[in-house]
Structure formats: C-alpha cells, structure tokens
Amino acid sequence: MDFDTAIILGLTACAYVWFISIGIFEEREEIKAQELEAVKRRQRAEYLKKLYDRAL
C-alpha cells in the first residue's frame, strides 16, 4: 500500500467517524426536543383539566 493510499484511507475513516458522530448528536437533540414537547403537552392537559374542573 502506498503512502498516498494510506492517507486517503485514514482521511476517509476520519470523515466517516465525524459523519456518524454528528448524526448521533442530532438524534440526541431531536429526542430531547420530543421529550420537552411531551412535557409541555402534559402540563397543558393538566392545566386544561384543572380549568374545566373548576368551571363544572
């Protein structure tokens, strides 16, 4: 294997690892956003339940 080929393979491996790590990071952010949205939705449901319980 030539030195140039080794450099290209090494850079390709680094780019692949970088691409995968960015994908994992974005997925974590998306999961956090979904969890936050679920919490807000639950809080809103509780608020509306309390509001309508008082009205009835």
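Check the entry above for the structure.
Residues numbered from 1 in each chain as written. Predicted model: local features only at pLDDT ≥ 70, side-chain atom pairs only at ≥ 80, totals over all residues. Heavy atoms only, no water.

Visitor: Even after reading the chapter, I still don't get the overall build of the chain, so can you show me in this structure?
Guide: Looking only at helices and strands, the chain features one helix and zero strands. Its C-alpha atoms give the chain a radius of gyration of 24 Å, clearly above 10 Å, the size a compact globule of 56 residues would have. When the backbone C-alpha atoms are referred to their principal axes, the chain occupies close to 80 × 10 × 5 Å. Put simply, the chain shows about 5,700 Å² of open surface, and 63% of that area lies on carbon and sulfur atoms. (Helix = DSSP H or I, 4+ residues; strand = E, 2+ residues; numbered from the N terminus. Rg over C-alpha atoms; globule rule 2.2 N^0.38 Å. Areas by Shrake-Rupley, 256 points an atom, 1.4 Å probe, with all protein chains shown as cover.)

Visitor: How should a nonpolar patch on the surface be read in this particular structure?
Guide: On the surface, Tyr16, Val17, Phe19, Ile20 and Ile24 cluster together into a nonpolar patch covering about 540 Å² of accessible area. Within the secondary structure layout, Ile20 lies in helix α1 (residues 3–55). Take Ile20: its relative accessible area is 35%, and that puts it in the partly exposed class. (Patch = residues over 30% accessible without salt bridge, like charges linked within 9 Å, V, L, I, M, F, W, Y side chains within 5 Å. Salt bridge = Lys/Arg side-chain N within 4 Å of Asp/Glu carboxyl O. Buried < 20%, exposed > 50% of the residue type's maximum accessible area, 1.4 Å probe, protein only.)

Visitor: Explanation requested: the environment of Val39 in the structure shown.
Guide: Position of Val39 among the secondary structure elements: in helix α1. Separated by 22 residues in sequence, Val39 and Val17 place their C-alpha atoms 33 Å apart.

Visitor: Would you mind going over the environment of Gln43 with me for this structure?
Guide: Mapped onto the secondary structure, Gln43 falls in helix α1. The sequence separation of Gln43 and Ala13 amounts to 30 residues, and the corresponding C-alpha distance is 45 Å.

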